[in-house]
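Coordinate analysis (summary)
Each chain is listed here by its residues.
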Amino acid sequence: MLADAIAAEAFRARRSGGVLFWGFIAVPFAVLTFNLMLSSWIALHMRMPVPLDLGRQVVGGVALTGSAFFQVFYAAAAATMFAADYRWETWRLITPRNSRASLILARFAVYGAGCAGSLVLLGLAALVQCAYGALIGSAALVPPQGPFLLPLIGTFLTGWCELMVLGGIVAVIAIAFRAALGALMTAMVFAVGQWVAMAMVHPWEAPFSWYAALPRLSAYVLRAFVTGQELAPGIAAGAGQGQAGVAALCLVGWMLLLGGCAVGLFQAQELARE
């Protein structure tokens, strides 16, 4: 049942070119375009090529989904996926053919696949930018310094979980209020609100309750841990204090809680008109 729902939702997503492009391709495309223009400017105005650590560039590209601005595009895709059938009043045609839980979980699965594909495209965009810079002489490529694969995988998984939390918030609001715009605006407020809260708290001394309240903080600490980045001069995000483990549990907990809420709301919802 779930496999059939995923296949149907995937077919529907493939036919929605606007959702695919603006939701999952626009961010990598915009990043690649900007970086190519920047590399061209450097080649024209600087005599010495800029050294680029290939591994660090790819990991940094994948980490861009932590930006509140870029998350708006993913939230828009999720809002369309979860709220479109309310607008077009087509739920009554879909719900008799599968269970309600399968229908919602299938949308989460397709949204998650789109986010994963977008993260891969961001990594590829960083590779293309490095290759282009080396070709025109604006960049001097440096092989990855130290471990590369584990930080990349960790950054990928962290970014994916953060986007799934965003999608879960959109899904809950879209189902509860049957409106894509309300879900999108809520996601934007949530993303910006977390950014403001992050400016008022020090990640290296934040209590664990902040990790549960701010998934962005959990994602930030996890990225710092997997990449070896310091939270502050001389303060690393280590697993010894339990920061990384708590951050991972909080992100996964947000995903499961929001997904469960979305399924529960939809199962209890009356669809008299839709």
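Residues numbered from 1 in each chain as written. Predicted model: local features only at pLDDT ≥ 70, side-chain atom pairs only at ≥ 80, totals over all residues. Heavy atoms only, no water.

Here's the deal with unusual backbone geometry
Peptide bonds are trans in most cases, and residues, glycine excluded, mostly fall at negative phi. Test applied: A 1.4 Å probe rolled over the protein chains alone gives each residue an accessible area, and that area as a share of the maximum for its type sets the label: buried under 20%, exposed over 50%, partly exposed in between. The way it works is that DSSP assigns letters per residue, a run of H or I at least four long becomes a helix, a run of E at least two long becomes a strand, and they are numbered from the N terminus.
Despite not being glycine, Glu89 shows a phi value in the positive range, around 55°. Residue class for Glu89 comes out partly exposed when judged on its relative accessible area of 29%. We note that Arg178 has phi near 55°; this positive angle belongs to a residue other than glycine. Its location among the elements puts Arg178 in the loop between α7 (149–177) and α8 (180–200).

Quick word on the nonpolar core
Test applied: Put simply, a nonpolar core is a bunch of buried Ala, Val, Leu, Ile, Met, Phe, Trp, Tyr and Cys residues held in one set by side-chain atoms that sit within 4.5 Å of each other. What makes two residues a contact is simply this: any of their non-hydrogen atoms within 4.5 Å.
Residues Tyr74, Phe82, Ile104 and Tyr111 are the most contacted members of the largest nonpolar core, which totals 59 residues. Residue assignment for this core shows that the elements contributing at least two residues are α2 (17–45), α4 (68–88), α6 (100–136), α7, α8, α10 (215–227) and α11 (243–268). At 12 residues, the largest contribution of residues to this core is made by α7. Setting aside residues up to four positions removed in sequence, Ile104 forms contacts with Phe82, Ile175, Ala262, Val263 and Phe266.

Topic: the packing of aromatic side chains
Stated formally: Aromatic pairing here means that ring centres of Phe, Tyr or Trp (its six-membered ring) are within 6.5 Å. Orientation follows from the plane angle: under 30 degrees is stacked, over 60 is edge-to-face, and everything else is tilted. Two limits define a charge over a ring: the Lys NZ or Arg CZ must be within 6 Å of the ring centre, and within 35 degrees of the ring normal.
Scanning all chains against the criterion turns up 11 aromatic pairs. Ring geometry for Phe21 and Trp22: centres 5.0 Å apart, planes at 85°, overall edge-to-face. Trp22 sits in the exposed class, given a relative accessible area of 55%. Ring plane angle 55° and centroid distance 5.9 Å describe the contact between Phe190 and Trp254, whose orientation is recorded as tilted. Here Trp254 lies in helix α11 and Phe190 lies in helix α8, a separation of 64 residues in the sequence. We classify Phe190 as partly exposed; its relative accessible area is 22%. We classify Trp254 as buried; its relative accessible area is 19%. Three or more aromatic residues joined by ring pairs form one cluster here, namely Phe21, Trp22 and Phe29. We note Arg100 situated over the ring of Phe266; from NZ or CZ to the ring centre the distance is 5.3 Å.

A closer look at the side chain of Arg107
Summarising the element assignment, Arg107 is placed in helix α6. Look at Arg107 and you get buried, because its relative accessible area is 1%. Apart from the residues lying within four places of it in its own chain, the contact partners of Arg107 are Glu9, Arg12, Met81, Phe82, Asp85, Trp91 and Ile94.

All we've got here are geometric facts, nothing functional implied.
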